[in-house]
Amino acid sequence: MSQLAIEGGKPVREGMLPYGRQLVDDDDIAIVTKVLRGDWLTTGPMVDKFEQAFAQYVQAEHAVAVNSGTAALHAAIHVLDIGPGDEVIVPAITFAASANCVLYLGGTPVFADVEPDTLLIDPKQVEAQITSRTKAIVAVDYAGQPCDYDALREIAVKYNLSIVADACHAPGGSYNDLPVGTLADLNTFSFHPVKHMTTAEGGMITTNNATFAARMRWFRNHGITTDHRQRAEQGGWYYEMKELGYNYRLPDLNCALGLSQLNKIDGWVARRREIAEKYYHAFSQVDTVTPLAVRPSGRPSWHIFPILLQMENLGVDRATIFSALRAENIGVNVHYIPVYWHPVYEKLGYSRGLCPNAEDAYERLITLPLFAGMTDQDVDDVVTAVTKVVEHYSL
Ligand SMILES: *Cc1c(COP(=O)(O)O)cnc(C)c1O
């Protein structure tokens, strides 16, 4: 077998393959340029158009655009009136924003462990964490696979909780044939460039609740309400700030880009699924590499492709495998460090050992490159490099 690049051999490929990357074409550039030449740079007609198109895409009644996925989570937790003394159950394996949004409002994130094979929040662990202070669950569709929403819904009904789906990984996915974006009371998306589609920075919340949608539109604009009738009665200048909000507006420029990107998302999701299929096929032969389990109820849209290494059959730790893959010019990553391991959470009193499945998975996780623009050669390079590295270190 050829020598590992980390030991001085020739890398599997010449240039570094990133783990994710956006696709921007001439149509995207044309529409953004057109907006730039027009009258509105920030809030203008593109905001409504993008919101309506996105709502239609996920088959939700309302979509509210904001300027990041993090702002989307903040808005969702805000309209649930979460505050000091309230607890919100969050999975241990996710991007920190899924839990931070609870802290923003003075609430307490309570971490639930994940299922060891899907790394999705485990409904049994959710139920075990419920107290009289629990108000909501943030369910994260990790890697693009929808959570077990039937089980979560049952728990939510039993204990009178709301569900926020952090669906930042899963636009285009479905659960029992229902689209992601309609599975929870509030569903949040991110349009960061590594996600399925991009607005540079941006986010969206979808909901079938008109009151939530209206409140989130105030929230993204300083809490200012625009009741035109009241404005006319009180004088043309009048407006009211009804609750404390933020500037979370998504500019027209970004909405135009989003509208144009949305036209292409179906093809991109299809390509992501095709690449995931190739990985599953290739790694079915490699016993030290286990991709995530996929439940029959869920149809993932694959934001990332994490693998779990079988450390007992490898003579080295995850860090060595990671460095060896980087040396082969495969831009691997790790998603995620258990949220409560971060110093911010440690200082709040969360300690290690809370969620054993999450902590065990974290030590064995590596994210392989996955994005719609990957060529078949790129995919083959990843498979070749992973196989080369794990075979070298296999006991
Ligand atoms: C990307 C992401 C976010 C945050 O989105 P931003 O647009 O980067 O603020 C939140 N949750 C999850 C699970 C994400 O992947």
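Caption draft 1: View of the packing of aromatic side chains. Taken as a whole, this structure holds 21 aromatic pairs when the rule is applied. Between Phe54 and Phe189, the ring centres sit 5.0 Å apart and the planes meet at 70°, which makes this aromatic pair edge-to-face. Placement of the pair is Phe54 in helix α2 (residues 45–58) and Phe189 in strand β8 (residues 186–190), with a sequence separation of 135 residues. The buried category is assigned to Phe54, whose relative accessible area is 0%. Ring pairs connect the aromatic residues Phe50, Phe54, Tyr57, Phe189 and Phe191, which therefore count as one cluster. Directly above the aromatic system of Tyr362 lies the positively charged group of Arg318, at a separation of 4.7 Å from the ring centroid.

Caption draft 2: Representation of the pattern of salt bridges within the structure. Applying the stated criterion across every chain yields a total of 22 salt bridges. The partner of Arg153 in a salt bridge is Asp185, and the shortest N-O contact between them spans 3.8 Å. In this pair, Arg153 is assigned in helix α6 (residues 149–159) and Asp185 in the loop between β7 (178–179) and β8, connecting sequence segments 32 residues apart. Classification of Asp185 as partly exposed rests on a relative accessible area of 24%.

Caption draft 3: Representation of the site of the ligand. With respect to spatial proximity, 14 residues lie near the ligand, and among them Gly69, Thr70, Asp166, Ser190 and Lys195 are the closest. Take Ser190: an N or O atom from its side chain is 2.7 Å from an oxygen atom of the ligand. Side-chain polar atom of Lys195 to an oxygen atom of the ligand: 3.0 Å apart, as the coordinates give it. Relative to its unbound accessible area of 380 Å², the ligand is 91% covered by the protein chains. The dominant element in the shell around the ligand, judged by the number of residues it contributes, is helix α3 (residues 69–79), at three residues.

Caption draft 4: Inspection of the sheet that holds strand β13 (residues 298–299) at higher detail. Across the sheet, three strands lie side by side as β7-β6-β13; this open sheet has antiparallel pairing. Looking at which strands have only one partner, the edges of the open sheet turn out to be β7 and β13. Two strands pair when backbone bridges link them, and strand β6 (residues 174–175) and β7 are joined in this way by two bridges, in the antiparallel orientation. Each residue of the ladder has a partner; that of Ser174, found in β7, is Pro179.

Caption draft 5: Molecular detail of helix α14 (residues 376–393). For α14, with 18 residues, the first-to-last C-alpha span of 26 Å sits near the 26 Å given by 1.5 Å per residue. Every buried residue of α14 is listed here: Asp378, Val379, Asp381, Val382, Val383, Ala385, Val386, Thr387, Lys388, Val389, Val390 and Tyr393. Where α14 is buried, its residues contact α10 (265–283), β12 (289–291), β14 (305–309), α11 (318–327) and β15 (365–368).

Caption draft 6: Highlighting the side chain of Glu51. Here Glu51 shows up in helix α2. We classify Glu51 as buried; its relative accessible area is 4%. Among the polar contacts listed, one links the side chain of Glu51 to the side chain of Arg220, at a separation of 2.7 Å. Contact partners of Glu51, with chain neighbours within four places excluded, come to Ala63, Val64, Ala65, Met204, Arg217 and Arg220.

Caption draft 7: Seen up close, the environment of Phe191. Take Phe191: it is sitting in the loop between β8 and β9 (203–207). The exposure class assigned to Phe191 is buried, which follows from its relative accessible area of 2%. Those residues in contact with Phe191 that sit more than four places away from it in its chain are Phe50, Phe54, Met197, Thr198, Thr199, Ala200, Gly202, Gly203 and Met204.

Caption draft 8: Representation of the pairing of strand β5 (residues 162–166) in the model. With respect to burial, β5 is a largely interior element, five of its five residues being buried. Residues Ser162, Val164 and Asp166 point to one face of β5 and Ile163 and Ala165 to the other, with burial holding for every one of them. Here strand β4 (residues 134–140) runs beside β5; their pairing, made up of five bridges, is parallel. Bridge pairing links Val138 to Val164 in β5. Regarding the hand of the β-α-β motif, the stretch spanning β4, α6 and β5 is right-handed. In terms of strand pairing, β5 meets β8 through three bridges, oriented parallel. What sits directly across from Asp166, in β8, is Thr188.

Caption draft 9: Focus on unusual backbone geometry. Residue His335 is joined to Tyr336 through a cis peptide bond whose omega torsion reads 5°. With respect to the secondary-structure elements, Tyr336 resides in the loop between α11 and α12 (343–347). Although it is not a glycine, Gln59 adopts a positive phi angle of roughly 60°. The residue Gln59 is located in the loop between α2 and β1 (62–66) in this model. The class of Gln59 is exposed, set by a relative accessible area of 60%. At Asn176, a position not held by glycine, the phi torsion is positive, near 45°. Looking at the secondary structure, you find Asn176 in the loop between β6 and β7. On the basis of relative accessibility, which here comes to 41%, the residue Asn176 falls in the partly exposed class.

Criteria and cut-off values
- Residues numbered from 1 in each chain as written.
- Predicted model: local features only at pLDDT ≥ 70, side-chain atom pairs only at ≥ 80, totals over all residues.
- Heavy atoms only, no water.
- Phe/Tyr/Trp six-rings, centres within 6.5 Å; stacked < 30°, edge-to-face > 60°.
- Helix = DSSP H or I, 4+ residues; strand = E, 2+ residues; numbered from the N terminus.
- Buried < 20%, exposed > 50% of the residue type's maximum accessible area, 1.4 Å probe, protein only.
- Lys NZ or Arg CZ within 6 Å of the ring centre and 35° of its normal.
- Salt bridge = Lys/Arg side-chain N within 4 Å of Asp/Glu carboxyl O.
- Near = heavy atom within 4 Å.
- Polar contact = N/O pair within 3.5 Å; in protein donor to acceptor, adjacent residues only side chain to side chain.
- Areas by Shrake-Rupley, 256 points an atom, 1.4 Å probe, with all protein chains shown as cover.
- Pairing = 2+ DSSP bridges.
- Expected span 1.5 Å × (residues − 1).
- Contact = heavy atoms within 4.5 Å.
- Right-handed = clockwise from strand over helix to strand, strands pointing away.

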